[in-house]
Amino acid sequence: MSRPSPFHSEQAPSDASDNRNGRQSVLDRLDSSLFTAPIRMISFWMAVALPFLHVPLLLRGLTDPSQTITFLGLLVVNMVALLIGHSYNTT
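Source: prediction; values computed, not measured. All chains use their own residue numbering, which begins from 1 and follows the written sequence. Local features in this predicted model are restricted to residues of pLDDT 70 or higher, and side-chain atom pairs are both shown and tallied only at a pLDDT of 80 or more, whereas totals for entire chains, interfaces and linings draw on every residue. Side-chain numbers here rest on the full set of heavy atoms in the structure, without hydrogens or water.

(A) Structural view of the confidence of the model for the protein. Of the residues in the protein, 63% have a pLDDT of 70 or more, and the chain-wide mean is 78. A residue's pLDDT is the confidence the predictor assigns to it, expressed on a 0 to 100 scale. Helix and strand assignments come from DSSP, with helices taken as H or I runs of at least 4 residues and strands as E runs of at least 2, each series counted from the N terminus. Within the protein, helix α1 (residues 13-20) has the poorest average pLDDT of any element, 52, and helix α5 (residues 65-85) the best, 94.

In structure tokens, the structure reads:
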């Protein structure tokens, strides 16, 4: 016997009656993937490309504080891009 998913969200009765009567807000009608898919795609490809910018900095050495800050900044941007783009194109 299977259990219902704990992650399944049920609509409140007032929301369900609004949906049945066709009274939905514009944001409810828009698919959220319309906005999130391009952001995830860009983040994914940024996460792929950014490590190539690390190589010249590392080969030259991080002797100057500005180079070290630039490297750490690129590393942080890469981590954020990985977090946002990790679910790109997963089906």
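Picking up where we left off.
(B) Up close: the environment of W45. Looking at where W45 falls in the secondary structure, it is placed in helix α3 (residues 33-49). Put simply, W45 and Y88 are 43 residues apart on the chain and 9.5 Å apart in space, counted from C-alpha to C-alpha.

(C) Focus on the environment of S87. Relative to the assigned elements, S87 resides in the segment after α5. Looking at S87, its side chain comes within polar contact range of the side chain of R40, at 3.1 Å. Pairs of N or O atoms are called polar contacts if they sit within 3.5 Å, as long as, within protein, a hydrogen donor faces a hydrogen acceptor (for residues adjacent in sequence, only side-chain-to-side-chain pairs).

(D) Up close: the side chain of H54. In this structure, H54 sits in helix α4 (residues 51-60). Summary of the burial criterion: residues with accessible area below 20% of their type's maximum are buried, those above 50% are exposed, and those between are partly exposed, where the area comes from a 1.4 Å probe applied to protein chains only. Note on H54: relative accessible area 7%, which makes it buried. Residue contacts are counted whenever heavy atoms from the two residues lie within 4.5 Å of one another. Those residues in contact with H54, other than ones at most four positions away along the chain, are F71, L74, L75 and N78.

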